[in-house]
Amino acid sequence: MDIHFVSTLTPEDEDRYAPMVLAAVKAILEPMPISYAVRVVTANGLAVQHTKSDEAEDVPAPTGSRRTGPRLVSPAVSRSSA
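Residues numbered from 1 in each chain as written. Predicted model: local features only at pLDDT ≥ 70, side-chain atom pairs only at ≥ 80, totals over all residues. Heavy atoms only, no water.

Draft legend 1. Region of interest: the overall build of the protein chain. In terms of regular secondary structure, the protein chain is built from one helix and two strands. In the protein chain, buried positions account for 20% of the 82 residues. Carbon together with sulfur atoms contributes 59% to the accessible area of the protein chain, which is approximately 6,800 Å² in total. (Helix = DSSP H or I, 4+ residues; strand = E, 2+ residues; numbered from the N terminus. Buried < 20%, exposed > 50% of the residue type's maximum accessible area, 1.4 Å probe, protein only. Areas by Shrake-Rupley, 256 points an atom, 1.4 Å probe, with all protein chains shown as cover.)

Draft legend 2. Local environment of the environment of Gln-49. Here Gln-49 is to be found in strand 2 (residues 47-52). For Gln-49, a relative accessible area of 22% gives the class partly exposed. As a C-alpha pair, Gln-49 and Lys-26 span 23 residues in sequence and 9.6 Å in three-dimensional space. A polar contact is formed between the side chain of Gln-49 and the side chain of Arg-39, at a distance of 2.8 Å. (Polar contact = N/O pair within 3.5 Å; in protein donor to acceptor, adjacent residues only side chain to side chain.)

Draft legend 3. View of the nonpolar core. The biggest cluster of nonpolar side chains holds seven residues, and these are Ala-18, Leu-22, Leu-29, Tyr-36, Val-38, Val-40 and Val-48. Only helix 1 (11-29) and strand 1 (36-41) provide two or more residues apiece to this core. In this structure, Leu-29 is in contact with Ile-34, Tyr-36, Val-38 and Lys-52, ignoring residues within four places of it in sequence. (Core = buried A, V, L, I, M, F, W, Y, C linked by side-chain atoms within 4.5 Å. Contact = heavy atoms within 4.5 Å.)

Draft legend 4. Structural detail: the side chain of Glu-14. Turning to its location among the elements, Glu-14 is positioned in helix 1. Its relative accessible area of 18% is what places Glu-14 among the buried residues. The residues contacting Glu-14, other than those within four sequence positions of it, are Ser-7, Leu-9, Thr-42 and Ala-43.

Draft legend 5. The arrangement of the side chain of His-50 in detail. Looking at where His-50 falls in the secondary structure, it is placed in strand 2. With relative accessibility at 3%, the residue His-50 sits in the buried group. Within the local environment of His-50, its side chain forms a polar contact with the side chain of Tyr-36, the two groups lying 3.1 Å apart.

Draft legend 6. Quick peek at the pattern of salt bridges. The tally for this structure, following the rule as stated, stands at one salt bridge. Asp-13 is paired through a salt bridge with Arg-16; the nearest N and O atoms lie 2.1 Å apart. Separated by three residues within a single helix, Asp-13 and Arg-16 lie in helix 1, roughly one turn from each other. (Salt bridge = Lys/Arg side-chain N within 4 Å of Asp/Glu carboxyl O.)

Draft legend 7. Highlighting helix 1. Here helix 1 spans 26 Å end to end across 19 residues, near enough to the 27 Å set by a 1.5 Å rise per residue. A maximum bend of about 40° is found in helix 1 at Tyr-17, where proline Pro-19 lies one to four positions downstream. On the buried face of helix 1, the contacting elements are strand 1 and strand 2. (Expected span 1.5 Å × (residues − 1). Bend = angle between axes of the 7 residues up to and from the residue.)

Next comes the structure, spelled out in structure tokens:
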């Protein structure tokens, strides 16, 4: 399952609310007998995440980590002449 959430929050508000969104989703999923990973990435690139499996509990994301998934806008490609 891949869920995308779009809002009208400012990037600064996204940074402030991201941990609360993660906590709410964690509260829903934690009682379920499943393994999962939840990652919230803000417009500023702040990432907070939580995983649950048989072996691991919380896996904190490095502060200021960047999104590694697919990009909505592809980067400029430079072509050099041979």
